[in-house]
Structure formats: C-alpha cells, structure tokens
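# Coordinate inspection notes
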Amino acid sequence: MKRLVTALAGVGLMLTLTPPALAPAAVNNATSLTPLPDGSQLETFARLNCHPVIGSCDFTVGADRKTGDGVTGFPNDLWSRQSTTIRPNSRTAYLDVHATAQYDRVMKDGGSDEVTTIYMGEGPLDKYQTVGRIDSTDWHTGQPRLDINVIACTHIQVVYSGVNITSPSTCAQANFS
C-alpha cells in the first residue's frame, strides 16, 4: 500500500511539473531580413491575428529598411511590388480576403487569394504596408470555418537607385484557437 501511495504521489508531482501542451497560436508574426547593396537591410513582415468568435483574421504585411540608426522608409525614387498569398490548410475552406492599401488588388482563386500592392516614393513607415481582413467559410455549410490554419506568405520586389532586389517569402501561420 505504501508503494502504491508513493507511486501515485510521484505521478501527481510529475503531472503538476509538466508544462501543458501548447495550442497553436491565434496570433503569429514572421519577419525576414535581406541585405541591400547600400549596407542597410530589407525587412519583410507578415502578421496574423485570428478571432475564433467571428471566424476572421486581421492581417498586416509590409516592408521597411533597417539601417544602423533603426527602421526607416525608402527613398523618393522607390518603386516596389509586394505579392501576398493567403490560403487555408484545408481545401474545403474558403477565405475571403479584403485588403486596404493605396494601390492594391486582390485576386480570388478558389482556395487562395493573392494580394498585389504597389508602393511608390518615400513616406512614413505605414505607407509600405497592406492591412486587411480574412473571413473563413466552410464550402459545404456556409458557416465560419474555425478548425483550420490560415497561412499568409509575402515577398516584395524593391527598386530604387542602385537597388533591384526581391525578398524571400515571409510566412505567418495562425488558427482560431
């Protein structure tokens, strides 16, 4: 009996000291840095924040330059094109994407949506980002689909004096838990 009580106490202690299993995040941020010829770095980012109650996610994608003095925008002769693909991890989910930027276009293609944004000239940091909302729907029922992951991948081509570079893809992934 003493052995049984001691064993149960040991198991109970292990359970209290063992961290709980981590659930996938409802918020995710991803950042990539690419060296530029002028010594600065191109920072590309994707951010997702999913809301389980309403079955939607907010997203922000964008870019900036990092110098020794911190984060800054781009020069006045900038032309850039950012492409963002937003998709679910399930073929039976439909994501309806709405984006807001100065020059953007959303192309809807069944399971994934492509957001293309053009940035020109210098300006504040928020000029070089696209924000939007993603609504998740089940193809079969028309109801919000909450058991999926939402994936947002973005890359940008940046062109200004002496620079013409395309960043690698930066991907954030979140779900509704």
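You'll find the structure just up there.
Computed from a predicted structure; not experimentally measured.

### Remarks on the overall build of the protein chain
Of the regular secondary structure elements, the protein chain holds one helix and 12 strands. Each helix and strand of the protein chain, ordered N terminal to C terminal, gives the series α-β-β-β-β-β-β-β-β-β-β-β-β. Going through the 177 residues of the protein chain one by one, you find that 40% of them count as buried. Taking the contacts inside the protein chain whose residues are at least 6 apart along the sequence as the reference set, 64% of them involve residues at least 24 apart. For the protein chain, the exposed surface amounts to about 9,900 Å²; the carbon and sulfur share of it is 56%.

### Some points on the nonpolar core
Ranked by internal contacts, the top residues of the largest apolar core, which has 20 residues, are Leu48, Phe59, Ile86, Ile134 and Val150. Every element with two or more residues in this core is listed here: strand E2 (41–51), strand E3 (56–67), strand E6 (93–100), strand E10 (149–160) and strand E12 (170–175). Ranked by residue count, the leading element in this core is E6, at four residues. If sequence neighbours within four positions are ignored, Phe59 has contacts with Arg47, Leu48, Ile86, Val97, His98, Ala99, Thr130, Val131, Gly132, Arg133 and Ile134. Ranked by size, the runner-up nonpolar core spans 12 residues in total, among them Phe74, Leu78, Tyr128 and Ile165.

### Some remarks on the pairing of strand E9 (residues 129–138)
The pairing of E3 with E9 spans seven bridges and is antiparallel. By the bridge assignment for E9, Cys57 is matched with Ile134. Bridging between E6 and E9 involves eight bridges; their strand directions are antiparallel. Within the sheet, the bridge partner assigned to Thr100 lies in E9 and is Val131.

Thresholds applied
Residues numbered from 1 in each chain as written. Predicted model: local features only at pLDDT ≥ 70, side-chain atom pairs only at ≥ 80, totals over all residues. Heavy atoms only, no water. Helix = DSSP H or I, 4+ residues; strand = E, 2+ residues; numbered from the N terminus. Buried < 20%, exposed > 50% of the residue type's maximum accessible area, 1.4 Å probe, protein only. Contact = heavy atoms within 4.5 Å. Areas by Shrake-Rupley, 256 points an atom, 1.4 Å probe, with all protein chains shown as cover. Core = buried A, V, L, I, M, F, W, Y, C linked by side-chain atoms within 4.5 Å. Pairing = 2+ DSSP bridges.

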